[in-house]
Amino acid sequence: MTIVAQDSQMRSPVRRGAFITLEGGEGAGKSTQARHILQRLREMRIAAVGTREPGGSPDAETLRKLLLSGDAEALGPAAEAILFAAARIDHVDKKIAPALAAGTFVVCDRFADSTRAYQGATGRLDPRFLRALDRVALDELRPDLTVILDLPVEEARARSAARRNDNLGDRDRFEREGLGFHQTIREAYLSIAAEEPGRCVVIDARGTEAEVSRAIWATISRRVLRKPAAESAHGP
Ligand code: T5A
């Protein structure tokens, strides 16, 4: 506990940029929509940076390779969750927190909800363990808005397969899991959204790229850009 308290003192800069995360299952369109959001923010001359998890900083990208190769799978879901959190600590410290402190918007393709959905739900991890990991990895940091792209798992799988030209050998450790695993993840995301409606919004990802982009932008406009200044500036 002392470590967390000391950590808090070091890792809570005054935060002014907005932090937007994209979540959902494989192939739901997160990376595609992250690009659209960044483009629209930059068109409005809002400083914005895109990033992703696992990864986003050089050391976290090293852990990404290990985690997606499947080499850490044998350690079990709790150890995998710790490794994802270790990557997140570096990513937050080196990239996300400094950008937000400089007033830059951060758009992140996956973040802590991925650990809750993937390791937490499919590995049946104790929620208290996951909350403790978040306290260490995130300190006080929470996304201002989390967009959860919801897509039936069969449809998501078809999109991912089409992109890979059906080369199944290219699938990473999580893409190799069966439909039941991905259905559990879909349900976990819907539960997270129901638990935290102030932070999360579920967007139906079955529409065209342009339709989904419009729905997301309407949400960002309403929930982030039009927020009164007193609410959007995050003090220590
Ligand atoms: N993970 C991650 C954990 O287990 N725990 C954690 O804590 C974290 C952070 C990361 C993996 O790690 C796991 C989860 C993941 O399994 P990844 O490759 O970074 O892996 O993430 P994925 O979600 O697997 O990335 P994908 O690229 O597969 O999915 P996206 O980003 O949701 O989808 P996108 O945008 O690349 O689109 C997929 C295809 O669909 C098309 C695109 O052109 C593309 O071909 N598309 C559409 N087609 C039709 N209609 C639309 N509206 C479309 N939008 C996009």
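Before reading on, note that the structure itself is shown above.
Predicted, not measured: the structure shown is a model, and the values here were computed from it. (Residues numbered from 1 in each chain as written. Predicted model: local features only at pLDDT ≥ 70, side-chain atom pairs only at ≥ 80, totals over all residues. Heavy atoms only, no water.)

(A) The arrangement of the side chain of Glu-23 in detail. Summarising the element assignment, Glu-23 is placed in strand β1 (residues 19-24). Buried charge Glu-23 goes without a salt bridge, the closest partner of opposite sign being Arg-110 at 4.2 Å. Side-chain polar atoms of Glu-23 contact the side chain of Ser-114, separated by 2.6 Å. If we ignore the near neighbours within four places in the chain, the residues touching Glu-23 are Lys-30, Arg-110, Phe-111, Ala-112, Asp-113, Ser-114, Thr-146, Val-147, Ile-148, Leu-149 and Tyr-189. (Helix = DSSP H or I, 4+ residues; strand = E, 2+ residues; numbered from the N terminus. Buried < 20%, exposed > 50% of the residue type's maximum accessible area, 1.4 Å probe, protein only. Lys, Arg positive; Asp, Glu negative; His and termini not counted. Salt bridge = Lys/Arg side-chain N within 4 Å of Asp/Glu carboxyl O. Polar contact = N/O pair within 3.5 Å; in protein donor to acceptor, adjacent residues only side chain to side chain. Contact = heavy atoms within 4.5 Å.)

(B) Inspection of the site of the ligand at higher detail. Taken together, 27 residues are adjacent to the ligand, and Lys-30, Ser-31, Thr-32, Arg-110 and Thr-115 come closest. Within the side chain of Arg-163, one N or O atom sits 2.7 Å away from an oxygen atom of the ligand. In the environment of the ligand, a nitrogen atom lies 2.9 Å from a nitrogen or oxygen atom belonging to the backbone of Gly-207. Bound to the protein, the ligand loses 85% of the 1000 Å² it would expose on its own. (Near = heavy atom within 4 Å. Areas by Shrake-Rupley, 256 points an atom, 1.4 Å probe, with all protein chains shown as cover.)

(C) Region of the structure containing the pattern of salt bridges. Scanning all chains against the criterion turns up 16 salt bridges. The partner of Glu-53 in a salt bridge is Arg-88, with the nearest N and O atoms 2.6 Å apart. Linking Glu-53 in the loop between β2 (48-52) and α3 (58-69) with Arg-88 in helix α4 (residues 77-101), this pair joins segments that are 35 residues apart in sequence. Of the charged contacts, one joins Arg-173 and Glu-73 as a salt bridge, the two residues approaching to 3.8 Å between their closest N and O atoms. Remark: Glu-73 occurs in the loop between α3 and α4 and Arg-173 occurs in the loop between α7 (153-163) and α8 (179-195); sequence separation between them is 100 residues. Owing to a relative accessible area of 8%, Arg-173 belongs among the buried residues under this scheme. Exposure remark for Glu-73: the relative accessible area of 37% places this residue in the partly exposed category. Within this structure, Asp-113, Arg-116, Glu-195, Glu-196 and Arg-199 form a network of salt bridges that share partners.

(D) Here's a closer look at the pairing of strand β4 (residues 145-150). Of all six residues in β4, six are buried, a share of seventy percent or more. Side chains of β4 alternate between two faces, with Leu-145, Val-147 and Leu-149 and Thr-146, Ile-148 and Asp-150 buried alike. Here β4 runs beside strand β5 (residues 200-204); their pairing, made up of five bridges, is parallel. Following the sheet pairing, Val-147 is matched in β5 by Val-201. (Pairing = 2+ DSSP bridges.)

(E) Region of interest: the layout of surface pockets. Within this model, the largest pocket holds a volume of roughly 840 Å³. Lining the largest pocket are 37 residues, and of these Glu-26, Gly-27, Lys-30, Ser-31 and Arg-163 lie nearest its centre. Of all the secondary structure elements, the ones that give two or more residues to the lining of the largest pocket are α2 (30-43), α3, α4, α5 (112-122), α7 and α9 (209-225). By residue number, the principal contributor to the lining of the largest pocket is α2, which donates five residues. Across the lining of the largest pocket, the residue classes tally to ten nonpolar, eleven polar and 16 charged. The wall of the second largest pocket is formed by 22 residues, among which Arg-116, Leu-130, Ile-192, Glu-195 and Glu-196 lie closest to the centre. Mapped onto the lining of the second largest pocket, the elements with two or more residues apiece are α5, α6 (127-138) and α8. Each residue belonging to the lining of the second largest pocket can be placed in one class, and the counts come to eleven nonpolar, two polar and nine charged. (1 Å grid on protein atoms, 1.4 Å probe; cavity = no way out; pocket = protein on both sides within 12 Å on 5 of 7 lines; lining within 4 Å. Points joined across faces, edges and corners; volume = space filled by probe spheres on them. Nonpolar A, V, L, I, M, F, W, Y, C, P; charged D, E, K, R; others polar.)

(F) Broad picture of the packing of aromatic side chains. Evaluation of the coordinates by the stated rule reveals five aromatic pairs. On the basis of an interplanar angle of 45 degrees and a centroid distance of 6.1 Å, the ring pair of Phe-84 and Phe-174 is categorised as tilted. Remark: Phe-174 occurs in the loop between α7 and α8 and Phe-84 occurs in helix α4; sequence separation between them is 90 residues. Taken together, the ring pairs in this structure connect Phe-84, Tyr-118, Phe-174 and Phe-181 into an aromatic cluster. The aromatic ring of Phe-111 is capped on one face by Arg-88, whose charged end is 5.5 Å from the ring centroid. (Phe/Tyr/Trp six-rings, centres within 6.5 Å; stacked < 30°, edge-to-face > 60°. Lys NZ or Arg CZ within 6 Å of the ring centre and 35° of its normal.)

Fair warning: the whole summary comes from geometry, so function is off the table for now.
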